[in-house]
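Okay, here's what each chain looks like letter by letter:
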Amino acid sequence: MSVPSAVRQLAAVVRKDVVLEWRGRELVSGMVLFAVLALLTFNFAFDLTGVNRAVAGAGALWVALIFASLLGLGRSASVERMHGAWEGVLLSPIDRGTLFLAKLVSSLLFLGLVDAVVLVLFAGLFGVPVLRLPVIGIVALGTIGLALLGTLLSPMAATTRAREVLLPVMLFPLAVPVVIAAVRATVLVLTEQPRDAWAWIQLLAGFDLLFLGVGYLIFGAAAED
Amino acid sequence: MPEKEGGVVMQLPLARSRRGTWWVTPLLGWLGVGLVALSLILIFLYAPTDSVQGQPQRIFYLHLPAAWLAYFSFFLIFVSSIAYLLTHRTGWDRLARASAELGFVFTTLVLLTGSIWGRPIWGTWWTWDARLTTTLILWFIYLAYFALRSYVSDPERKARYAAVLGIIGFVDVPIIHMSVLWWRTLHPQPVVVRSGGPAMPPAMLLTMLVTLLAFFVLYLFLLVEKYELERMKDTLVDLRDQEL
């Protein structure tokens, strides 16, 4: 298939997801609210305003982002399967690899919005300088990693009756490298050791590239009914 | 062929009646028993006592083969998953099922033996050491694999989804290991696989190799048995569906 037509198909699916979300506006707002409440709870649990707020904050930030991503990825997959809508998508002549990229882009758009809001609030509430390019880069790479895994796993979980449980059970162990690398890199950047962070950033980038390729190849098996 | 009497199936076509390969499981079984007996003798009577760790070091002879087999099982799942997605033949899914169950058992053994070994040596039942942590995550990935299989009811979809998870899981394990290793290191440095050769006296090395072989033969025996069991289960389900 030619690249221009693949791009057109990708854009069509992404537009569908964006329009769907725009009409309901419950997914992104739900994720943002959830992430912010999680941060609030973390503040009570670990005191994110103390001396160690860079270290504790990085961990809290990423746990909040992971749980919000789980929520978003799970919801969007199950919503899409209502009323046989997913069958409609599968019946359209779109290559499964392109479909994977399209779902990935949609997820990243929503997760990116959530990331932006959470980062701004985090910087404001806890005085941690997260609105810097290195941190934003790490958050971007980590979010891509989570979105990659989620896009592959949530179609499978969504067809089961225990989807809320199954997606985290599958995602958490597989997302360990993302969690470790993202938190470590964020902490190192926030504590002014950017050179040590570089190795972790490379790990994140490698992870993302690897699962981009793997996902492109096997999404069809995960997504077909 | 199954015969019916009053609607009840009287005889299952047992796969083991394949005339050509009836000898495989008895051979593996007896060979395994013999090798395990031999390795037990070697472990307790032949291998020298470690000067630093004392008797607890002997757990290593169980711990290392269990670890290798746990990871080997996952590799088998990976290969079977790819083969299943390419061919859609149930035999590959059966192999994946069999390896998954065995792999989970051996991963549990690794964690248990490691914990028991660690207690006298490191003074603690558990540490977040790199290899232990990675093995723990592998244990959870196996659990996720079983969870996915159990929650999906349609058999074709079950096999396909499990194949997807098997592939993702295996590809992820090296990266998990790398990330955990950079995060922590406490584990004894690799004793066997090293460029200068194994740092063990020959008697220990021999004991370890024999035990590894014993475990591997035992593993193969269990794998074939489990595969046949799964095949019988599948046949039973097919027959029951035919009757309905």
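All residue numbers here refer to positions counted from 1 along the written sequence of the relevant chain. Each chain is given a letter, starting from A, and each ligand a number, starting from 1, according to the order in which they appear as written. Thresholds applied to this predicted model are a pLDDT of at least 70 for local features of residues and 80 or more for the giving and counting of side-chain atom pairs; totals over whole chains, interfaces and linings are not thresholded and use all residues.

## Examining the overall build of chain B
Along the backbone of chain B there are six helices and two strands. Taken across its 244 residues, chain B has 36% of its residues classed as buried. We call two residues in contact when the distance between their C-beta atoms, placed using the backbone, is within 7 Å. Counted over contacts in chain B with a minimum sequence separation of 6, partners at least 24 positions apart contribute 76%. Every helix listed is a DSSP run of H or I at least four residues long, and every strand listed is a run of E at least two residues long, numbered separately from the N terminus. Labels follow a simple rule on C-beta atoms placed from the backbone: if 20 or more others lie within 10 Å of a residue's own, it is buried; if 12 or fewer, it is exposed; otherwise it is partly exposed.

## Comments concerning the overall build of chain A
Helix and strand content of chain A: nine helices and zero strands. Relative to the globule expectation of 17 Å for 225 residues, the C-alpha radius of gyration of chain A, 18 Å, shows essentially globular dimensions. Seen through its principal axes, chain A has C-alpha atoms that stretch 55 × 30 × 30 Å. Every one of the 225 residues in chain A was classed for burial, and the buried ones make up 47%. Restricting the calculation to C-alpha atoms gives the radius of gyration, and the globule rule supplies 2.2 Å times the number of residues raised to the power 0.38.

## Notes on the environment of A:Ala140
Residues and elements named next belong to chain A. By secondary structure assignment, the location of Ala140 is in helix 6 (residues 133–158). Classification of Ala140 by C-beta neighbours within 10 Å gives partly exposed; the count is 16. Spatially, the C-alpha atom of Ala140 lies 9.7 Å from that of Ala182, the residues being 42 residues apart in sequence.

## Structural notes on the confidence of the model for chain B
Predicted coordinates in areas of low pLDDT are best not read in detail. All names here are of chain B. Confidence scores labelled pLDDT are given residue by residue by the predictor and lie between 0 and 100. Here chain B shows a mean pLDDT of 84. Residues at 70 or above account for 86%. Ranking the elements of chain B by mean pLDDT puts strand 2 (residues 8–9) last, at 44, and helix 2 (residues 60–87) first, at 94. Predicted confidence for residues 1–14 stays below pLDDT 50, and this span has 18 contacts to residues more than four positions away or in other chains. Counting interchain partners and residues more than four positions distant, the pLDDT-below-50 stretch residues 185–197 has 11 contacts. This prediction of the complex comes with two scores: 0.87 for pTM and 0.90 for ipTM.

## Points about the confidence of the model for chain A
Per-residue confidence for chain A averages 88 on the pLDDT scale, and 99% of its residues sit at or above 70. Ranking the helices and strands of chain A by mean pLDDT puts helix 6 of chain A first, with 94, and helix 2 (residues 27–46) of chain A last, with 85.

## Quick look at the packing of helix 1 (residues 24–46) of chain B against helix 6 (residues 202–243) of chain B
Residues and elements named next belong to chain B. Between helix 1 and helix 6, the shortest axis-to-axis distance is 8 Å and the interhelical angle comes to 155°. By the criterion of interaxial angle, the relationship of helix 1 to helix 6 is roughly antiparallel. You can see that helix 1 and helix 6 cross each other, and the crossing is left-handed. Grouping the amino acids of the contact of helix 1 with helix 6 by side-chain chemistry returns 18 nonpolar, six polar and one charged. Every angle, taken between N-to-C directions, lies between 0 and 180 degrees, and every axis is a line fitted to C-alpha atoms, over only the stretch in contact when it is a helix. In this scheme, roughly parallel covers angles under 35 degrees and roughly antiparallel covers those over 145, while 65 to 115 is roughly perpendicular and the rest are oblique. The hand of a helix crossing depends on one turn: near helix anticlockwise from the far one by less than a right angle means left-handed, and clockwise means right-handed. Note that Gly is not counted as nonpolar here; it falls among the polar residues with everything else outside the nonpolar set of Ala, Val, Leu, Ile, Met, Phe, Trp, Tyr, Cys and Pro and the charged set of Asp, Glu, Lys and Arg.

## Looking at the environment of B:Trp117
Residues and elements named next belong to chain B. Along the chain, Trp117 falls in helix 3 (residues 90–122). Between the alpha carbons of Trp117 and Ser39 there is a distance of 19 Å; along the sequence they are 78 residues apart. Beyond its immediate stretch of four places on either side in the chain, Trp117 contacts Pro56, Ile59, Phe60 and His63.

## Here's the deal with helix 3 of chain B
A rise of 1.5 Å per residue sets the reference length of helix 3 of chain B, with its 33 residues, at 48 Å; its end C-alpha atoms lie 46 Å apart and thus fit the reference within 8%. Once helix 3 of chain B ends, the next one or two residues include B:Gly123, with phi positive near 80°. How far a helix is expected to stretch is found by multiplying one less than its residue total by 1.5 Å.

## A few points about the interface of chain B and chain A
Contact residues are listed per partner, giving 25 residues for chain B and 23 residues for chain A. Those elements giving two or more residues to the side of chain B that touches chain A turn out to be helix 4 (130–151) and helix 5 (155–183) of chain B. The leading source of residues in the side of chain B that touches chain A is helix 5 of chain B, at 16 residues.

## Notes on the environment of A:Pro129
Residue placement: A:Pro129 occurs in the loop between helix 5 (96–126) and helix 6. As for A:Pro129 and A:Val179, which are separated by 50 residues in sequence, their C-alpha atoms are 20 Å apart.

## Topic: the nonpolar core
In this usage, the nonpolar core is the set of buried Ala, Val, Leu, Ile, Met, Phe, Trp, Tyr and Cys residues whose C-beta atoms join them within 7 Å. One finds A:Met170, B:Leu148 and B:Val164 to be the most contacted residues of the largest nonpolar core, which totals 136 residues. Per element, the largest residue contribution to this core is 14 residues, and it comes from helix 6 of chain A. If we skip the residues at most four places from it in the chain, B:Leu148 touches A:Met156, A:Leu166, A:Met170, B:Tyr161, B:Ala162 and B:Leu165.

## Section: unusual backbone geometry
What you tend to see is this: most non-glycine residues have negative phi, and most peptide bonds are trans. In this structure, A:Glu192 is a non-glycine residue whose phi angle is positive, near 60°. You can see A:Glu192 is positioned in the loop between helix 8 (176–190) and helix 9 (194–223). In the Ramachandran plot, B:His88 falls in the positive-phi region, its phi being about 60° despite a non-glycine side chain. Turning to its location among the elements, B:His88 is positioned in the loop between helix 2 and helix 3.

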